[in-house]
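This is what each chain is made of:
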Amino acid sequence: MISLKDIAFKYRAEEAYALDHISIPFNAGEWTSIIGHNGSGKSTLVKIIMGIVEEYEGEIYVDGELLTDENKQSLRRKFAIVFQNPDNQFVGATVEDDVAFGLENLGLERSEMIKRTEYALDLVNMLEFRSHEPHRLSGGQKQRVAIAGALAMQPEVLILDEATSMLDPAGRTEVLSILCRLHEQLDTTILYITHDLTEIERSDRVIVMNGGNIVGEGSVEEVYRDKELLEKSNLKVPYTAEISDALLDGSYMTHDELVMRL
Ligand SMILES: Nc1ncnc2c1ncn2[C@@H]1O[C@H](COP(=O)(O)OP(=O)(O)O)[C@@H](O)[C@H]1O
Ligand SMILES: [Mg+2]
């Protein structure tokens, strides 16, 4: 779906690379998590994919097509992003205005805008809040509306950059379970960026970043079990892995499996 070839970028000439010649494919229909501690280059990668940073070295392919000045606008319409801070993403006075706002530039018929807004709000279980004021919602509800805004654009890739990091545990669970459903029902390609290893359980593939490089890649189980990689990358070994190590045979388990075993 997206393929990065030898992507490099530094914010200032005298500084080290924020991204140091990275090559990686993101496969269609997969949920890929990108993990890494603060400053490892995750958001810079997102900014390059989204075109917020444009002076990168290297090549981006979208559906096999090289991204160029001529096609970048239309190719990037396949991507939609949800950012970290739920309060910085609202422009509409009501939830439904907000979701519809992003559609206004697409030149759609009003009836199509209404249809897409309802569809997207329904997908994130927020249709009943359509006439509520966004700023009065809980953090988890706000991020679900932000996800609806992204989905209304009918993207092929949904990118979330630390989208749950400002939420309480309940809000985090709300957002993650919506993503699981989207991934299962719609086959949405998801790029999920986080520094929190407890959030990657549902992903198909995990990429570990450190110091602007990709330092590891594998299934959730492979990454959870590679304690050396996690420690080297300054990432906290998940609590489930510690418990399994201390009390059981150290094998990989999701939270639910661990609860069952215990
Ligand atoms: N706007 C910026 N100006 C200068 N340096 C930046 C800027 N944004 C990020 N950096 C630097 O680039 C590196 C990667 O940052 P970032 O991509 O934000 O990492 P992450 O999202 O993994 O925390 C860090 O060293 C960070 O200090
Ligand atoms: Mg970041």
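Here, the structure is the one placed above.
These remarks concern the structure in this document.

Calculation criteria
- Residues numbered from 1 in each chain as written.
- Chains lettered and ligands numbered in written order.
- Predicted model: local features only at pLDDT ≥ 70, side-chain atom pairs only at ≥ 80, totals over all residues.
- Heavy atoms only, no water.
- Axes fitted to C-alpha atoms, helices over the stretch in contact; angles between N-to-C directions.
- Helix = DSSP H or I, 4+ residues; strand = E, 2+ residues; numbered from the N terminus.
- Parallel < 35°, antiparallel > 145°, perpendicular 65-115°, else oblique.
- Left-handed = near helix turned anticlockwise from the far one by under 90°.
- Contact = heavy atoms within 4.5 Å.
- Nonpolar A, V, L, I, M, F, W, Y, C, P; charged D, E, K, R; others polar.
- Salt bridge = Lys/Arg side-chain N within 4 Å of Asp/Glu carboxyl O.
- Buried < 20%, exposed > 50% of the residue type's maximum accessible area, 1.4 Å probe, protein only.
- Expected span 1.5 Å × (residues − 1).
- Pairing = 2+ DSSP bridges.
- Core = buried A, V, L, I, M, F, W, Y, C linked by side-chain atoms within 4.5 Å.

Moving on to the packing of helix α4 (residues 110–123) against helix α5 (residues 139–152). Interhelical geometry of α4 versus α5 gives an angle of 135° and a closest axis separation of 8 Å. One way to sum up the angle between α4 and α5 is to call them oblique. In this structure, α4 crosses over α5, and the sense of that crossing is right-handed. Note on element contacts: α5 touches α4 through Ala148, Leu151 and Ala152, opposite Arg116, Ala120, Leu121 and Leu123. Grouping the constituent residues of the contact of α4 with α5 by class yields six nonpolar, no polar and one charged.

Right, let's talk about the pattern of salt bridges for a bit. Any two side chains of opposite charge can pair, given that their charged atoms come close. Under the criterion given, the structure shown has 21 salt bridges. Residue Glu156 is joined to Lys78 by a salt bridge in which the shortest nitrogen-to-oxygen separation is 3.8 Å. A residue pair is termed long-range when its members are at least 10 positions apart, and Glu156 in the loop between α5 and β7 (157–161) and Lys78 in the loop between α2 (72–76) and β6 (79–82) qualify at 78 residues. Here Glu217 ties to Arg205 by a salt bridge, and the two come within 2.8 Å at their closest N and O atoms. Of the two residues, Glu217 is situated in strand β10 (residues 213–218) and Arg205 in strand β9 (residues 205–210); the sequence distance between them amounts to twelve residues. Residue classification places Arg205 among the buried positions, given a relative accessible area of 10%. Shared partners join several salt bridges into a network, and the residues in it are Glu54, Asp69, Lys72 and Arg76.

Bringing helix α6 (residues 169–186) into the picture now. End to end, α6 covers 25 Å across 18 residues, agreeing with the expected 26 Å (1.5 Å per residue, within 8%). Buried within α6 are the following residues: Gly171, Val175, Leu176, Ile178, Leu179, Cys180, Leu182 and His183. On the buried face of α6, the contacting elements are β3 (31–35), α4, α5, β7 and β8 (189–194). Asp187 sits one or two residues past α6 and shows a positive phi near 60°.

On to the pairing of β6, then. Alternating residues of β6 divide into Phe79 and Ile81 and Ala80 and Val82, and every residue in both groups is buried. Here β6 runs beside β7; their pairing, made up of four bridges, is parallel. The residue bridging Ala80 from the neighbouring strand is Leu158, located in β7.

If you walk across this open sheet you meet the four strands as β2-β1-β4-β5, and the pairing is antiparallel. Looking at the sheet topology across the chains shown, the edges are occupied by β2 (19–26) and β5 (65–66). Sheet analysis places strand β4 (residues 57–62) next to β5, joined by two bridges and oriented antiparallel. Note on β5: the bridge partner recorded for Val62 is Glu65. The strands touched by helix α1 (residues 42–50) are β1 (2–9), β2 and β4; relative to β1, the strand with the most contacts, the crossing angle is about 115°.

For the rest of this paragraph, the subject is the nonpolar core. Counting residues in each nonpolar core, the largest one holds 35 residues, and the members touching the most others are Val82, Ile147, Leu151, Leu158, Leu160, Leu179 and Leu182. Counting residues per element, the ones that place at least two in this core are β6, α3 (95–101), α4, α5, β7, α6 and β8. The element contributing the most residues to this core is α5, with seven residues. Apart from residues no more than four positions distant in its own chain, Leu182 is found in contact with Leu123, Ile147, Leu151, Leu158, Asp187 and Thr188.

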